[in-house]
Amino acid sequence: MARFVSLGLVAATVISAAAAPALKLVGPRWSAAQRETLRSLSLGSLGSLAADPSNRYADDTSAARLGQELFFDTRLSGNGKVSCATCHMPARDFQDGTPLAHGVGTTNRRTMPIAGTAHSPWMFWDGRADSQWAQALGPLESALEHGGDRTQYAHIIAAHYRDEYEAVFGRLPMLRGTPAHAGPVADSARAAAWRRMPASGQDDISRVYANIGKAIAAFERRIGYTPSRFDRYVEAELAGRAHTPTDAFSPEEEAGLRLFIGKANCSTCHNGALFTDNHFHNTGVPASTLVAAVDSGRAVGARQVVASEFSCTSRYSDAKPEDCDELRFAVTEGDELLRAYKTPSLRGVAERAPYMHAGQLATLADVVTHYDRATAAPFGHSELKPLHLSDAERRQIEAFLRTLSSPLAAPAGFLGPPNATGQ
Amino acid sequence: MSVIQNTPKMLSRSVVSRAIVAAAIVSLFTGCMLFARAPEDLDYSRTRRSEGGLYRATILPQGDSIPQGRLQRWTLHLETAGGTPVDSATVSVDGGMPQHGHGLPTKPRVTRALGNGDHLVEGMKFNMGGWWVVKFRVNATPGSDSLVFNVKL
């Protein structure tokens, strides 16, 4: 493995790379194992997006168009001012650039980007949802995010999206007599109204609610990444081509890449074409000074996803139980889950400060320093150990991370609100 | 005694290297990070004898190579030391990365016996490259015993 290359070899190679010109013919700079690691990290290795068996509408274009409209619709909130795009801003890689998300209130977590998440088996920092559609439903009825409720959303669909909805999902249920506001939410009056509804009425509304999530997921699913300069660099390296200005790395960037897949062990977890192992790790991230509540990460998220009303194995899922192996075989208990958070993708990472699950670290330099020092976790056990990087090496890793930025990819008109794109 | 079943070649190696391997396995279950690299003399064979010598087993992953980051199903072929297939057995699965001090990212299970000593193992997944250990605890008529396989991705 690349990370087991001796430190001496790494140091010698870094020095060699640092002395090399930026544009040059490919030499034996990367071993066969390193070249394989580079290939595995490049976007070309991502492969086609697998079907989502839990959402039979995932690849339905009409569902995606409806989902796009819903994604930007502020009526889907308690105060009429919050849409998915309030925090997932298309111009900012579908995140908001603040430590904690601000909807109708302030959450305890950092907004996550959306691109590429259709490839992931787990959503949220703690993986408490196992599909994009289940993820979309969490914020909608969170008192701190959209602050709305299920019957409200069903009425909005009936009033404003009936044709589009019924073209995809079939007839809406009769809503006469359905309370204007009811749902299994924190608000006691709306929760009580929900409890008074007959079970069949609750089920009808919950199915509309699940379909809202499935439409939003069909939209989000189409958002991915275009090749970055890193991808072009790897393509040229693997092809043995001379680098051009659009695919060249500076000596500092190249040294950073060598550290990333070697001495610094970054690619242990940040692996694959999306730079994530889609798993959960305690990396000793300090507690947020902005959040008073204790955050146990995956330890809570694992229990929530198993119990979720909208999981892959739920009645609102279109999957067969055997399609839900990630959930069936999920680790749901144990000390390793304590304060473990999902490995985020590093594509576009330089554009997404601040960092970590509650924006605890302001800059990329802070992040690299955190992983170098490997301080103890607030609780649970950090998987890290100190790297003993030099100042120059930390800067090199940061320089490499900046090569991972690229515009998002999506079908025409899908990277903004529908009105802005003429749809 | 090391929980890794040594091959005859490994048995001839120094006690020190065996102790290192044993300590690495201990670290797997105590959460300590002790090593920066895998021991060089690990046995990655897919057929192993059990720790106490009661069983012989072969792991049969799907395909020639074990993929990283994808759920997969394995077949575990289990037989007695004398070569008789074992169909009626309780088998549990455990494992992890000794160098990193963490377990498997999933909780795989033997979900059914396939006949002729074959057992279907579902939920196998390896989210990182490197050295993994997969341990099967077997309880059948011959007795309880453990099989430990080294896996390299």
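Every value quoted in this text rests on a predicted model; they were computed, and no experiment measured them.

Student: I'd like a description of the nonpolar core, backed by residues and values.
Tutor: In this structure, Tyr 209, Ile 212, Ala 215, Ile 216, Ala 218 and Phe 260 of chain A are the most contacted members of the largest nonpolar core, which totals 94 residues. Among the elements that line this core, the one with the most residues is helix 9 (residues 199–220) of chain A, at ten residues. Each of domain 1 (2–48 + 226–291 + 340–409) and domain 2 (61–120 + 132–220) of chain A gives at least three residues to this core. The residues contacting Ala 215 of chain A, other than those within four sequence positions of it, are Tyr 57, Ala 63, Leu 66, Gly 67, Leu 70 and Val 168 of chain A. Membership of the second largest hydrophobic core comes to 24 residues, among which are Leu 76, Leu 78, Phe 136 and Val 148 of chain B.

Student: I'd love a proper account of unusual backbone geometry, names of residues and values included.
Tutor: Residues and elements named next belong to chain A. Backbone torsion omega between Ala 353 and Pro 354 reads -5 degrees, so that peptide bond is classified as cis. Checked against the element boundaries, Pro 354 lands in the loop between strand 3 (341–342) and helix 15 (364–373). At Arg 339, a residue that is not glycine, the phi angle is positive and equals roughly 55 degrees. By C-beta crowding, Arg 339 is classed as buried, having 27 other C-beta atoms within 10 Å.

Student: So what about the sheet that holds strand 6 (residues 109–115) of chain B? Which residues, and what values?
Tutor: Backbone-to-backbone hydrogen bonds join strands into a sheet, with any given pair of strands oriented parallel or antiparallel. Residues and elements named next belong to chain B. Spatial strand order, 1-2-3-7-6: five strands in an open sheet with antiparallel pairing. Among the strands making up the open sheet, the edge pair consists of strand 1 (47–49) and strand 6. Neighbouring strand axes in the sheet, compared pairwise and without regard to direction, differ in orientation by 25 degrees on average. As paired strands, strand 2 (residues 55–61) and strand 3 (residues 72–80) are joined by seven bridges and run antiparallel to one another. Pairing of Arg 56 across the sheet is with Glu 79, part of strand 3.

Student: Tell me about the domain arrangement of chain A, residues and numbers included.
Tutor: All names here are of chain A. You can read the domains of chain A as domain 1 (2–48 + 226–291 + 340–409) and domain 2 (61–120 + 132–220). For domain 1 and domain 2, the distance between their C-alpha centroids amounts to 36 Å. Taken together, the 16 residues of domain 1 in the interface contact 14 residues of domain 2. Of the residues contributing to the side of domain 1 that touches domain 2, the split by class is eight nonpolar, five polar and three charged.

Rules of the game
- Going along each chain's sequence as written, the residues are numbered from 1 onward.
- Starting at A for chains and at 1 for ligands, labels are handed out in the order in which the entities are written.
- pLDDT decides what is reported in this predicted model: residues at 70 or higher carry local features, side-chain atom pairs at 80 or more are listed and counted, and totals for whole chains, interfaces and linings draw on all residues regardless.
- Each nonpolar core reported here comprises buried Ala, Val, Leu, Ile, Met, Phe, Trp, Tyr and Cys residues connected via C-beta atoms within 7 Å.
- With C-beta atoms placed from the backbone, the exposure class of a residue follows from how many other C-beta atoms lie within 10 Å of its own: 20 or more, buried; 12 or fewer, exposed; in between, partly exposed.
- Helix and strand definitions here come from DSSP, where helices need a minimum of 4 consecutive H or I residues and strands a minimum of 2 consecutive E residues; each element is numbered from the N-terminal end.
- Each domain's limits were defined by an automated method or a database of domain assignments.
- Contact between two residues is assigned whenever their backbone-derived C-beta positions fall within 7 Å.
- Any two strands between which DSSP finds at least two bridges are classified as paired.
- Helix axes use the C-alpha atoms of the stretch in contact, all axes being lines fitted to C-alpha atoms, and the angles between their N-to-C directions lie in the range 0 to 180 degrees.
- Classification convention: Asp, Glu, Lys, Arg as charged; Ala, Val, Leu, Ile, Met, Phe, Trp, Tyr, Cys, Pro as nonpolar; all other residues, Gly among them, as polar.

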